[in-house]
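Next come the chains, spelled out residue by residue.
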Amino acid sequence: MIDIHCHILPDFDDGSSGLEESLEMARMAVNSGVIRIAATPHFDGTADALPLLSDIRQQYQALRSALIREEIPLEPHDYPIPWVLTERGLYEDGIPAQL
């Protein structure tokens, strides 16, 4: 099973408050039959500041390393694109951008 809506990355929006909580979420997901998970925060444009993609990538790598270290068989996936379209416009690393 693939979970496409789980805020497992720590310290973003309404998701996990830390790496330990993320690992517990991962264990629960695996116990529920999940093998892949979308590791992405909200990009809905309602927050005062959009998360920086560099911060997302850093937390993604930390989570991925922790999953390997803890031998939790869950494959996280991050955003494959360097920009995001929100209600407020197109952003790249939190900065308004143009195509």
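Everything below is about the structure shown above.
Throughout what follows, the structure given in this document is the object of discussion. (Residues numbered from 1 in each chain as written. Predicted model: local features only at pLDDT ≥ 70, side-chain atom pairs only at ≥ 80, totals over all residues. Heavy atoms only, no water.)

1. Considering the sheet that holds strand 2 (residues 36-39)
Backbone-to-backbone hydrogen bonds pair the strands of a sheet. The strands run either parallel or antiparallel. Taken together, the three strands give an open sheet; going across it, the order is 1-2-3, and neighbouring strands pair in parallel fashion. Each having just a single partner strand, strand 1 (2-6) and strand 3 (75-77) make up the two edges of the open sheet. Neighbour-to-neighbour, the strand axes of the sheet open up by a mean angle of 30°, direction not taken into account. Note that strand 1 and strand 2 share three bridges and pair parallel. In the sheet register, Asp3 faces strand 2, and the bridge partner there is Ile37. Sheet strands in contact with helix 2 (residues 53-69) are strand 2 and strand 3, and its direction is about 175° off that of strand 3. (Pairing = 2+ DSSP bridges. Helix = DSSP H or I, 4+ residues; strand = E, 2+ residues; numbered from the N terminus. Axes fitted to C-alpha atoms, helices over the stretch in contact; angles between N-to-C directions. Contact = heavy atoms within 4.5 Å.)

2. Thoughts on the side chain of Ser22
The topology assignment puts Ser22 in helix 1 (residues 19-31). According to the relative accessible area criterion, Ser22 is buried, its value standing at 0%. The contact partners of Ser22, leaving out residues within four places of it in the chain, are Ile8, Leu9, Pro10, Ser16 and Leu63. (Buried < 20%, exposed > 50% of the residue type's maximum accessible area, 1.4 Å probe, protein only.)

3. Section: the nonpolar core
Counting residues in each nonpolar core, the largest one holds 18 residues, and the members touching the most others are Ile8, Leu9 and Leu74. Mapped onto this core, the elements with two or more residues apiece are helix 1, strand 2 and helix 2. In contact with Leu74, other than residues within four places in its own chain, are Ile8, Ala26, Val30, Val34, Ile35, Arg36, Ile37 and Leu67. (Core = buried A, V, L, I, M, F, W, Y, C linked by side-chain atoms within 4.5 Å.)

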